[in-house]
Structure formats: C-alpha cells, structure tokens
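A look at the structure
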Amino acid sequence: MDRYAVIGNPVAHSKSPLIHEAFARATGQRMSYERLLAPRDGFVATVERFVAEGGRGLNVTVPFKLEAYALAKEKSSRADEAQACNTLAWRGDHWYADNTDGVGLMRDLTHNLHEPLAGRDVLVLGAGGAARGVMGPLLAKTPRSVVVLNRTERRAAELAAAFMQHGPVTALSAAQLNGRRFHLVINATSIGINGDVPESLWPRRPFAPGGLAYDLVYADVPTPFLRWASKQSAERMADGLGMLIEQAAESFVVWRGVRPETQPVFAMLRPGS
Ligand code: NAP
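Summarised in this report is the structure supplied together with it. (Residues numbered from 1 in each chain as written. Predicted model: local features only at pLDDT ≥ 70, side-chain atom pairs only at ≥ 80, totals over all residues. Heavy atoms only, no water.)

Some words on the sheet that holds strand β1 (residues 2-8)
Taken in spatial order, the six strands of this open sheet run β2-β1-β3-β5-β6-β4, and their pairing is mixed. Two strands bound the open sheet, and with one partner strand each, they are β2 (31-37) and β4 (74-75). Note that strand β3 (residues 55-60) and strand β5 (residues 87-90) share three bridges and pair antiparallel. Opposite Asn59, over in β5, you have Thr87 as the bridge partner. Packing against the sheet, helix α1 (residues 16-27) makes contact with β1, β2 and β3, and its axis sits at approximately 170° to β2. Sitting on the sheet, helix α10 (residues 241-256) touches β1, β2, β3, β5 and β6 (95-98), and the angle it makes with β5 is about 15°. (Pairing = 2+ DSSP bridges. Helix = DSSP H or I, 4+ residues; strand = E, 2+ residues; numbered from the N terminus. Contact = heavy atoms within 4.5 Å. Axes fitted to C-alpha atoms, helices over the stretch in contact; angles between N-to-C directions.)

Things to note about helix α6 (residues 129-140)
Taken together, the buried positions of α6 are Ala131, Gly133, Val134, Met135, Gly136, Pro137, Leu138 and Leu139. Once α6 ends, the next one or two residues include Thr142, with phi positive near 50°. (Buried < 20%, exposed > 50% of the residue type's maximum accessible area, 1.4 Å probe, protein only.)

Quick word on the pairing of β6
Residues of β6 alternate between two faces, with Trp95 and Ala97 on one and Tyr96 and Asp98 on the opposite face, all of them buried. By the bridge criterion, two bridges tie β4 to β6 in an arrangement that is parallel. The residue of β6 that forms the bridge with Lys75 is Ala97. Examined bridge by bridge, β5 and β6 share four bridges and lie antiparallel to one another. For Leu88, the partnering residue across the bridge sits in β6 and is Ala97. Hairpin connection from β5 to β6: four residues lie between these consecutive antiparallel strands, with Gly92 at a positive phi of about 85°.

Some points on the packing of helix α5 (residues 101-112) against α6
It is at 7 Å that the axes of α5 and α6 come closest, and there the two elements cross at 55°. Considering the angle they form, α5 stands oblique to α6. Relative to α6, the crossing made by α5 is right-handed. Taking contact as the criterion, the partners of Gly102, Val103, Leu105 and Met106 in α5 are, on α6, Gly133, Val134, Pro137 and Leu138. (Parallel < 35°, antiparallel > 145°, perpendicular 65-115°, else oblique. Left-handed = near helix turned anticlockwise from the far one by under 90°.)

Examining the sheet that holds strand β11 (residues 207-215)
Hydrogen bonding along the main chain pairs the strands of a sheet, whether they run parallel or antiparallel. In space, the six strands of this open sheet follow the order β9-β8-β7-β10-β11-β12, with parallel pairing throughout. Of all the strands in the sheet, just β9 (169-171) and β12 (236-238) have a single pairing partner and so form its edges. Going from strand to strand, the sheet's axes swing by 20° on average, the running direction of each strand aside. Sheet analysis places strand β7 (residues 121-125) next to strand β8 (residues 145-149), joined by five bridges and oriented parallel. Looking at β8, one finds that Val124 is bridged to Val148. Contacting β10 (182-187) and β11, α5 runs over the sheet at an angle of about 140° to β11. Taken strand by strand, helix α9 (residues 224-231) contacts β7, β10, β11 and β12, and its axis lies near 170° from that of β11.

Quick word on the nonpolar core
In terms of nonpolar packing, the biggest core is built from 27 residues, with Leu105, Met135 and Tyr214 touching the most fellow members. Taken together, the elements giving at least two residues each to this core come down to α5, β7, α6, β8, α7 (153-163), β10 and β11. Considering every element that reaches this core, the biggest residue donor is α6, with five residues. Apart from the residues lying within four places of it in its own chain, the contact partners of Met135 are Val124, Val146, Val148, Leu159, Phe163 and Val169. Counting residues in each nonpolar core, the second largest holds 21 residues, with Phe23, Tyr33, Ala89 and Ile245 among its members. (Core = buried A, V, L, I, M, F, W, Y, C linked by side-chain atoms within 4.5 Å.)

Right, here's the structure in full:
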C-alpha cells in the first residue's frame, strides 16, 4: 500500500486525511494517508524517515512550505512562482515539489462558485506565502486589476513587483484605495478564526454590487473576515473549505495521475450546504 501524509506543526486539526481517504475510495486507489507531526527544527529528518519507510508523497502545511521547496531537486513552475511547496512527490531518488494552493483556489472560484475572473477587479488582503501562491494562477485568469493590501506595505510592494510581468497587479494602502470597489476580495492574511480584523488597515465598503468575499481560512461558523465582510455589505461569501478540497484534488492528480470528484467530499465535510 502506497503511503502519503500531511506534514506540519501543528497538524492534528488537518482535514487532509479525510479528504484523501475519500478520494482514494472513490477512485479505487490503494493508498494510505496519515498525519505527520514534525518538530519545528526537524522537517528534513522527518521527511527522510518517511521516505525510508516507503512514503511516496506529502502535503506540506504551516510552517514548512519554504523548507519543502528548498528540499526538492525538481520543481514545477507553480512552485517556482510561489517560492513555496504544498505538495511533494517522491520520484525514486529525489523529491518533486509542486504548489497546488493557487490552482485549487481558482478551481473553487470558477468551477464551484461560478465566479468569472476575466475583466474583474480583485483585492487581495495579505502578502505572505498564501498570497504569493495565489497570485500567478489569479493573474492567468486575466482580471482587469489586482490590488494587494498588506499590513507591512513593503511586502505588498515586493509581491506586486514580483508578479507585474504576469498582469495588472499593484500594491496600495487603504487610503490610496479611496472608494474603489472590487468584485472579489480575498482574505489571505493569517488572522484566522480567532484573530481580530484590522479594521483601521482595511478599506470601508470595498465590495462592488454582487461582490464576493472569500476567506482562505475555513470554519463551520462565519470567520472574523466574513463577519466583517457582511457588515461591509458583501453580497456573497465563501470560506476556504472548497479551496482546501480542490488543492487536495490537484495534489492527488500529481501523485496518482487520476482526478477525483470534489463535490461529494464537500458534501461529506459540510452536509446540508
Ligand atoms: P504567512 O506567510 O504567515 O502570511 C501572513 C499574512 O497575514 C501576512 O501578509 C501578514 O502581514 C498578515 N497578517 C498576519 N496577522 C495580521 C494582522 N493581525 N493584521 C493584518 N495582517 C496580518 O501565512 P500564509 O501561509 O500566507 O497563510 C495565510 C492564511 O491562508 C492562513 O490562515 C492559512 O491557513 C490560509 N491558507 C489556506 C489554504 C486553504 O487550502 N484553504 C491554503 C493555504 C493557506 P505582515 O506581512 O504585515 O506580517
């Protein structure tokens, strides 16, 4: 039986085993999938032990995405663009690194939420690893504009500069946004499910009519960002569970060469939605 795992610290909360076990059942793939807790200073040693014991592939989560990228000898263009890796595949004598976060988000937006991205105006809140992973696939959908707004303005400027040859991306502060409205606002900060929304940093009422608020974080109750978006008159809202499932499906394709259906897994994890 081929062995796979999600590696992170912490990792106990991860829904990835449920998702991949469901994919494996539905596609008839013989594989196991577990959680692998690595010490913060022990990523490489844990990965080496895993492969020595027959491991074939890993999903990589916080805080190891940069270390995973550095470990791999072979990298996809998606991983190179993001400078980070969420998917490792063992290629017999070396690791292959991919990054399926951005393409997973695009698939959730376009395929599941029917959000047209071409010609739209998009605001990305945050300029960390997740925002970087999303930027290439987002610009490939030819939006009219992408604005990055980040607490540390320098990081937003660096992110915009790194991707400006891919499309119309700029870094602005809330004051500079000055009444601009967006069809899509993506929260790619790590304020998570318990943090406070930085109201003074974010623009008031940034949503165009019918605009979608999308949080990369997922929870069974509205997240702080989605509660804020509702107060700011966002008409549509989604959390990142769809992205999580879609990025997992892309990883499954990298490992097994088979594309699993994602809707049944979404229905399993969020019954009644
Ligand atoms: P990261 O690299 O640590 O970046 C964190 C970002 O959040 C930075 O831009 C940081 O701003 C900003 N930030 C943190 N605290 C803030 C606060 N109190 N106020 C305003 N901005 C704040 O983290 P990441 O890897 O990009 O992850 C971001 C989120 O995406 C995480 O919650 C992660 O779980 C989620 N994610 C979800 C999926 C999925 O499949 N659904 C996939 C990937 C990531 P500064 O630059 O100023 O520090």
